[in-house]
Amino acid sequence: MKHITLISICLVIIFLSNSQAVSAQQKDTVAKLTVVQKKSLKNVSLESYEKFKASVKPLIAEMGKKQIVGLGEGTHGTAEFYKLRYYISRILIEEKGFNHVAFENDVAEMWLMNQQLNQATDVTALMKKYMIGIWQNKETKELLDWIRVYNQSHKKKVSVNGIDFPVQKPDVDMITLLLKKAGMNSFPKAVERLSAAANLQDAAWFGMNQKDFKVDWKLLNQYCGQAYFTADSLEQQVKKTGMETSLRSDLLLAISNLKQGFEPFKPKSQYVPRDSIMAHNTALMIKGKEDKVIIWAHDAHLGKKEIYDNSVGGTGKYLLKLFPNNYFVLGTGTAIGEFGATTDARAVNTTVMLPYQLEEPIKGSWEELLGTLTKKNVYFFTKAFNPNNLVKPQRFVGYGTKSSVSLYDKVNLAALYDAFLFIKESHAPTAL
């Protein structure tokens, strides 16, 4: 039955391609903004970084009060969402002391990338090796290039991080590197067993993008179930060692992330929500008051509650439990244009995102309402925009090629986000 648990995790990861349907029978009414809604809208300039910065001062002021800021995306493939989150991240780092940028990407992969980022001569190669396809675009690269330059002249360095656990081999690579750095070679058999199981699980994960690939669930259950206990034993032994504190902290991070991936195969395993794990991994970055985290992930994850009848998302909800009143989330959305997407069943490092046309927003949706604006780019604080807590369909597009009615869910924007950034017409990202 372990494969059923893994499938459930996979489905959460690819939820945006197979969401619950919202009834197409929408009321045939003309969308119209109220006076209150119009007054809450604030223009956003996309002309340049400096003009954008000037247009979002009130937004930055609110974000700067928090220790964790979530920057959402209404699709996994919109150029403007990447570009403007780079701008916001830069402002928060320069003016508000933020020092961690975390992606909806594997923890160990981003740790390995962070070790090399400041010295790398080819950032594009690093991105293709360590980041899944949704991040492999020139808009995201702008952020990473800027961080490299920033770190050269600032004592307080900015790190890039991951909060997810889709692949296993990078964790073993991270463990091997850290054990070598610590001068410890007493765990060769354990690392060998972990490596074998990690390779098997990752092969299955990548293989699901191949049409005729079949997963050997029995073999996965055997190897990965045993590997969980091997990782757990290694974790206990590392905790007892006297190695340097930061080195041990990183090693325990890698082992923890490895266990997160193997856990579904553990005998009598209980399903642990992916979003609670991503919140936990975010919390590990906070070691003191000086640590402030920016997260790049999908709207559905960063929202303050789950969507689709509580079956998907909610990282924001778990973060609020861990850091009460210390989390701010910005949702993003668009109405028309194009977006980047893939036909891959799983978004992996080799995934290629291609441009697709967005379908027209459905009747009665937030996208339809905001699409009536003469102002093309705006943001608003959701409580001011929606004081009566109205519920309308919102579109949640993932890395799949669909943008139809099946991807909508009825939500109260004020319940999900603190603020919302709307780009009326958007474009697909620029591939590396």
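Higher on the page you've got the structure.
Below you will find a few notes about this structure. (Residues numbered from 1 in each chain as written. Predicted model: local features only at pLDDT ≥ 70, side-chain atom pairs only at ≥ 80, totals over all residues. Heavy atoms only, no water.)

### Brief notes about the overall build of the protein chain
Along the backbone of the protein chain there are 18 helices and 11 strands. In terms of overall size, the protein chain behaves like a compact globule, its C-alpha atoms giving a radius of gyration of 22 Å where 432 residues would be expected to give roughly 22 Å. Principal axes of the C-alpha set define a box for the protein chain whose edges measure 70 × 50 × 40 Å. Relative to its full complement of 432 residues, the protein chain shows a buried share of 59%. In the protein chain, of all internal contacts separated by at least 6 residues, the share reaching a separation of at least 24 is 79%. (Helix = DSSP H or I, 4+ residues; strand = E, 2+ residues; numbered from the N terminus. Rg over C-alpha atoms; globule rule 2.2 N^0.38 Å. Buried < 20%, exposed > 50% of the residue type's maximum accessible area, 1.4 Å probe, protein only. Contact = heavy atoms within 4.5 Å.)

### Some points on helix α12 (residues 245-262)
For an α-helix the count is 3.6 residues per turn, leaving residues at separations of three or four pointing the same way. The terminal C-alpha atoms of α12 lie 26 Å apart, and with 18 residues this matches the ideal 26 Å at 1.5 Å per residue to within 8%. Of all 18 residues making up α12, 13 are buried, and the element is well covered by its neighbours. (Expected span 1.5 Å × (residues − 1).)

### Let's talk about unusual backbone geometry
Phi is mostly negative for residues that are not glycine, and the peptide bonds are mostly trans. The phi torsion at Lys-268 lies on the positive side, around 60°, for a residue other than glycine. For Lys-268, a relative accessible area of 79% gives the class exposed. The phi dihedral of Asn-389 falls on the positive side, at around 55°, and the residue is not glycine.

### Here we look at the nonpolar core
Met-63, Val-101, Phe-103, Met-113, Phe-262 and Trp-296 are the most contacted members of the largest nonpolar core, which has 87 residues in total. Of the residues forming this core, the biggest block, nine residues, is contributed by helix α5 (residues 79-96). Grouped together as the second largest cluster of nonpolar side chains are 38 residues, Leu-41, Ala-279, Ile-307 and Phe-420 included. (Core = buried A, V, L, I, M, F, W, Y, C linked by side-chain atoms within 4.5 Å.)

Functional significance is not addressed by these values, which are geometric in nature.
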